[in-house]
Amino acid sequence: MKVSPHVIRIGGIFGTGVWGANVYLLIDDKLTLVDTGFRGRANQILRKVKQLGFSPSDINRIIITHHHADHIGSLAILKEITKATVLAHPADAPYIDGRLPQPGPARPSSLGKTLYRLGRFFPVTPSTVDQAVNEGDVLPVLGGLQVLHTPGHTPGSICIFSPEERVLIAGDLLANRFRLGLPSRTFTVNIEQEINSIKRLANLDFDIICFGHGAPITHGAGRAINGLIQKLENTI
Ligand SMILES: [Zn+2]
Ligand SMILES: [Zn+2]
């Protein structure tokens, strides 16, 4: 699914994005992949790349929005096949390269425990992070791709903003599973920090927002996010 002229969404398993995170492909002279889904998604992703007329080696960057298994599960195999450079925030890098184990749920709940147990069926192969990205970095993709450090869900969560496409890729900063809202609280390490990170989006000029989970908002996304920020203000 095309979300803007140069941004393609590859939906989660069953096409819903509910089971396993969405993956995004940014099309420039080379390809940039944002997240990789659970382990086992590499073939689906590479099939899409070929359908678009590219070859796997055209992927020269893989940006990871955060370290959760549903975003980095297919990273190791995709890095091996494509030889792409892997980019992530330094605060999440130790969980991606295996220096630290994947943490369990941030707060105990039966859902969290079940998901954590399920998580063992989706083990993560550690992968080197080649390039640390930080707040304010601009990557040479789509005329300048901005990195926002938006901690809360994980310490090193990032959003990717393309002013040229007016697209924000939010990772799990927000989710749009059934309606627009916060991501899974069970897996969010610091809700207060998360809400502060969401509030930063109020100053950003975008039309389209893409989520790790759920369908993108392709019209008036800035307005929708500002509405949500208002609601969060009122509930605090
Ligand atoms: Zn996720
Ligand atoms: Zn997550």
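Now for a description of the structure that goes with this document. Owing to the predicted nature of the structure, the values given are computational and were not obtained by experimental measurement. (Residues numbered from 1 in each chain as written. Chains lettered and ligands numbered in written order. Predicted model: local features only at pLDDT ≥ 70, side-chain atom pairs only at ≥ 80, totals over all residues. Heavy atoms only, no water.)

Some details on the coordination of the zinc ion (ligand 2)
Argument step 1. The zinc ion (ligand 2) binds to the protein through His 66 (NE2), His 68 (ND1), His 153 (NE2) and Asp 172 (OD); the donor distances cover 2.1 to 2.3 Å.
Argument step 2. For the zinc ion (ligand 2), the 4 donor atoms in the first shell make angles of 90 to 168° at the metal, so the coordination geometry reads as irregular.
Argument step 3. Each donor residue of the zinc ion (ligand 2) lies on one chain, and together they are spaced H-x1-H-x84-H-x18-D.
Argument step 4. The distance between the zinc ion (ligand 2) and the zinc ion (ligand 1) comes to 3.4 Å, and Asp 172 binds to both of them. Highlighted residues: His 153 in the loop between strand 9 (145–149) and strand 10 (158–162) and Asp 172 in the loop between strand 11 (167–169) and helix 6 (191–199), separated in sequence by 19 residues. Each member of the pair His 153 and Asp 172 is classed as buried. (Donors = N, O, S within 2.8 Å, 3.2 Å for Na, K, Ca; no water. Tetrahedral: all angles 85-135°; square planar, octahedral: opposite > 155°, others 65-115°. Helix = DSSP H or I, 4+ residues; strand = E, 2+ residues; numbered from the N terminus. Buried < 20%, exposed > 50% of the residue type's maximum accessible area, 1.4 Å probe, protein only.)

A word on the pairing of strand 2 (residues 7–10)
Argument step 1. Of the two faces of strand 2, both are covered, the one formed by Val 7 and Arg 9 as well as the one formed by Ile 8 and Ile 10.
Argument step 2. Note: strand 1 (residues 2–4) against strand 2, 2 bridges, orientation antiparallel. Within strand 2, the position partnered with Lys 2 by the bridge is Ile 8.
Argument step 3. Of the strand pairs in this sheet, strand 2 and strand 3 (residues 23–27) are connected by 4 bridges, and their pairing is antiparallel. Note on strand 3: the bridge partner recorded for Val 7 is Leu 26. (Pairing = 2+ DSSP bridges.)

Remarks on the coordination of the zinc ion (ligand 1)
Argument step 1. Each protein donor to the zinc ion (ligand 1) is listed here as Asp 70 (OD), His 71 (NE2), Asp 172 (OD) and His 213 (NE2); together their distances run 2.1 to 2.3 Å.
Argument step 2. Relative to the metal, the 4 donor atoms surrounding the zinc ion (ligand 1) lie at angles of 82 to 158°, and the coordination shape comes out irregular.
Argument step 3. Along the chain, the residues donating to the zinc ion (ligand 1) are arranged with the sequence spacing D-H-x100-D-x40-H.
Argument step 4. Of the residues examined, Asp 70 reaches a relative accessible area of 13% and is grouped as buried.

Here we look at the environment of Ala 88
Argument step 1. Position of Ala 88 among the secondary structure elements: in strand 6 (residues 85–88).
Argument step 2. With relative accessibility at 1%, the residue Ala 88 sits in the buried group.
Argument step 3. As for Ala 88 and Ile 62, which are separated by 26 residues in sequence, their C-alpha atoms are 8.7 Å apart.
Argument step 4. Sequence-distant contacts of Ala 88, defined by excluding residues within four places in its chain, comprise Ile 64, Ile 96, Val 129, Gln 131, Ala 132 and Val 133. (Contact = heavy atoms within 4.5 Å.)

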